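Below, each chain spelled out in residue letters.
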Amino acid sequence: MSWIKNLVRISQTTSSVGNLFRNHESYTLSSRFCTALQHQQQQQSERVQATEVVNGLEQQQQQHRYEGLAPTKEGEKPRLLVLGSGWAGCRLMKGIDTSIYDVVCVSPRNHMVFTPLLASTCVGTLEFRSVAEPISRIQPAISREPGSYYFLANCSRLDSQNHEVHCETVTDALSTVKPWKFKIAYDKLVLACGAEASTFGINGVLENAIFLREVHHAQEIRRKLLLNLMLSEVPGLGVEEKKRLLHCVVVGGGPTGVEFSGELSDFIMKDVRQRYAHVKDDIRVTLIEARDILSSFDDGLRQYAIKQLNKSGVKLVRGIVKEVKPQKLILDDGTEVPYGLLVWSTGVGPSSFVRSLDLPKDPGLGLMSGCVYLQYKTCLQLVIVVDILRAQGSQHFLLLHRWLREKESTWRIY
C-alpha cells in the first residue's frame, strides 16, 4: 500500500507544479495574445459585415437612382415627353390636348424666357419676372394631372431602341447634393432642346465673359454693371483703372448684341448721367464685330442701326477676338481692349446632347433644322422641333428635305 501513498504524493506534487506553471508570466502573455487575436478577428468580422451592409445599401440606392417613369400600360394615355422649355417646346405644350396625352417636360429651366426683352432687364427697364413665364402656367396639367410632370434635369442620352431618355438632375454644382440619374420611357418624343452660346473655342470666354440667353445672365450683367459704377467712385482709384471699370464691351453684332448695346447706351444717357454724375464722362460702350453688324438683315435696316448706335455714343470696332483675359481681350491684330464688363453674343451652336444624336443636322450649324415631323423605324413618333426655325423655302430646309427623301425607305415626311 506504500506505493499508493507515494503515487498520491507524486500526483499532488505534479498538481502543484502545474499550478506553478499556470501562474507563470509566459502563460499570462500567451493568454493575452490569444485574447487580443480573438478580439482582432471579431473586429475584422464586424467590419466585413458592416462593409457588406453599406455595399448592399449603396447597390440598393444605386438601383433606385436609375429608376424613373416606366412605359405606359394598356388603357393609359400615351406619354408625350418634351425635352426643353424654349419657344418651340412651350408652344407645343400650350396647344397639346391633355385629355389625349400625358405631358412630361424635362428641362434645366422651369420657365420660358421671352428673350427679345431680356436685354431690357439688364439695365432695369423691365424686371426679371416680366420676361419669365413658369411652365406650370403655360401648361397647367403639368402641376395637377397625375400622369404629367416637370423634371428639373438635363438629358444625357437618347435610347431610341428602348424608347427611353436618360436624365440627370440639375444641382447647380452643389457639393452637398449628388445628381440623381433616372430614365423616362416615352410614347412620343419632342426634341426642343434649342442651342447654346458659341465661343468658337476662344480661350478665356467661358471664364471671363457673360452670355445673354438666360435670366441669370441678365442678373449677373446688372450686378456687374452697378458694382463697377460704384467702385469707380472710390477715392484714390487710378485713372486707367477707372476707365477700365467703366468700359462695357459687347462682342457680336447680331440682334442680341445690337439690342443690348442700344439699351446700355440709353441707360448711360438717361440714368447714369443723373445718378452717377462723377463718372458720366468716363463710361463708354464698344461693340466688336468681325463683319458688318446685323449682316443677315436688309441693308437699309443695317445702316439705320449703325446711325442710331453712333448717335448714342456706341463705338463700333471691326475685328476678331483672339483671346480673352480677366481684364482685357486681344484682337487678331494685337490690339488690347481693357474692359470692366464683357458681354458675349456671337451666335449659337449645338449642345453636347444634340451633337450626340444620330439624326440629320444642319450642314452649317450642326443643328436640326426646320419644324419637321419624322417617323423612324426604331424611333416611333419622334418630333424634332428647335428654337431656330427656318422657312420651308430656305436652303437649309431644302437640304434636310432632300436628305429625308433619300432615306424614304426608313423615314416619312409629313
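Since this is a predicted model, take the numbers as computed values, not measurements.

Trainee: So what's going on with the overall build of the chain? Which residues, and what values?
Mentor: Secondary structure summary: the chain contains 13 helices and 20 strands in total. Burial analysis of the chain (414 residues in total) assigns 38% to the buried set. Taking all contacts inside the chain whose residues are at least 6 apart in sequence as the whole, residues at least 24 apart take part in 63%. A total of about 24600 Å² of accessible surface is found on the chain, and carbon and sulfur atoms cover 52% of it.

Trainee: I'd like a description of a nonpolar patch on the surface, backed by residues and values.
Mentor: Together, Trp-87, Phe-114 and Leu-117 line one region of the surface with nonpolar side chains, adding up to about 250 Å² of accessible area. Secondary-structure assignment places Phe-114 in the loop between strand 3 (111-113) and helix 4 (118-122).

Trainee: Help me get a handle on the nonpolar core, residues and values and all.
Mentor: Core analysis: the largest hydrophobic core is formed by 35 residues, its most contacted members being Leu-212, Ile-221, Leu-229, Phe-260 and Leu-264. Elements that contribute at least two residues to this core include exactly helix 4, helix 8 (215-231), strand 10 (247-251), helix 10 (255-275), strand 11 (284-289), helix 11 (299-311) and strand 16 (341-344). Element by element, the count of residues in this core is highest for helix 10, at 6 residues. Counting residues in each nonpolar core, the second largest holds 16 residues, with Ala-153, Cys-155, Leu-191 and Phe-353 among its members.

Trainee: Let's hear about the sheet that holds strand 13 (residues 321-324): which residues, and what values?
Mentor: Hydrogen bonding along the main chain pairs the strands of a sheet, whether they run parallel or antiparallel. Judged by pairing direction, the sheet is antiparallel, and its 3 strands sit side by side in the order 13-14-15 without closing on themselves. Edge positions in the sheet fall to strand 13 and strand 15 (336-338), since each of these pairs with one other strand and no more. The sheet shows a mean angle of 25° between the axes of neighbouring strands, taken without regard to direction. As paired elements, strand 14 (residues 328-331) and strand 15 share 3 bridges and run antiparallel to each other. Along strand 15, the bridge assignment pairs Leu-329 with Val-337.

Trainee: Go over the sheet that holds strand 12 (residues 314-318), please, and point to the residues and values.
Mentor: Reading across the sheet, the 4 strands line up as 12-11-10-16 and stay open at both edges, with parallel pairing between neighbours. The open sheet has two edge strands with one neighbour each: strand 12 and strand 16. On average, each strand axis in the sheet is inclined to that of its neighbour by 20°, with strand direction left out of account. Sheet topology places strand 10 next to strand 11; 5 bridges connect them, and they run parallel.

Trainee: Tell me what's going on with the packing of helix 8 against helix 10, and back it up with residues and numbers.
Mentor: Running from amino to carboxyl end, helix 8 crosses helix 10 at an angle of 40°, the nearest separation of the two axes being 14 Å. With respect to the hand of their crossing, helix 8 and helix 10 are arranged in right-handed fashion. Packed against helix 8, whose contacting residues are Ile-221, Leu-225, Leu-226 and Leu-229, the element helix 10 presents Phe-260, Leu-264, Phe-267 and Val-272 at the interface. Each residue belonging to the contact of helix 8 with helix 10 can be placed in one class, and the counts come to 8 nonpolar, no polar and no charged.

Trainee: Hey, could you go over the pattern of salt bridges for me, with residue numbers and the actual values?
Mentor: Counted according to the given criterion, the structure contains 10 salt bridges. The salt bridge partner of Arg-109 is Glu-214, with a shortest N-O separation of 2.8 Å. Here Arg-109, found in the loop between strand 2 (102-107) and strand 3, pairs with Glu-214, found in the loop between helix 7 (205-208) and helix 8; they are 105 residues apart in sequence, far enough to count as distant. Assessed through its relative accessible area of 21%, Glu-214 is described here as partly exposed. Of the charged contacts in the structure, one is a salt bridge between Arg-137 and Glu-133, with a shortest N-O distance of 3.9 Å. Residue class for Arg-137 comes out exposed when judged on its relative accessible area of 57%. With relative accessibility at 30%, the residue Glu-133 sits in the partly exposed group.

Trainee: Residues and numbers for the environment of Ala-195, please.
Mentor: The residue Ala-195 is located in the loop between strand 8 (188-191) and strand 9 (196-197) in this model. Taking the relative accessible area as the measure of exposure, Ala-195 reaches 17% and is therefore buried.

Basis of the calculations
Residues numbered from 1 in each chain as written. Predicted model: local features only at pLDDT ≥ 70, side-chain atom pairs only at ≥ 80, totals over all residues. Heavy atoms only, no water. Helix = DSSP H or I, 4+ residues; strand = E, 2+ residues; numbered from the N terminus. Buried < 20%, exposed > 50% of the residue type's maximum accessible area, 1.4 Å probe, protein only. Contact = heavy atoms within 4.5 Å. Areas by Shrake-Rupley, 256 points an atom, 1.4 Å probe, with all protein chains shown as cover. Patch = residues over 30% accessible without salt bridge, like charges linked within 9 Å, V, L, I, M, F, W, Y side chains within 5 Å. Salt bridge = Lys/Arg side-chain N within 4 Å of Asp/Glu carboxyl O. Core = buried A, V, L, I, M, F, W, Y, C linked by side-chain atoms within 4.5 Å. Pairing = 2+ DSSP bridges. Axes fitted to C-alpha atoms, helices over the stretch in contact; angles between N-to-C directions. Left-handed = near helix turned anticlockwise from the far one by under 90°. Nonpolar A, V, L, I, M, F, W, Y, C, P; charged D, E, K, R; others polar.

Shape is all these values report; function is a separate question.
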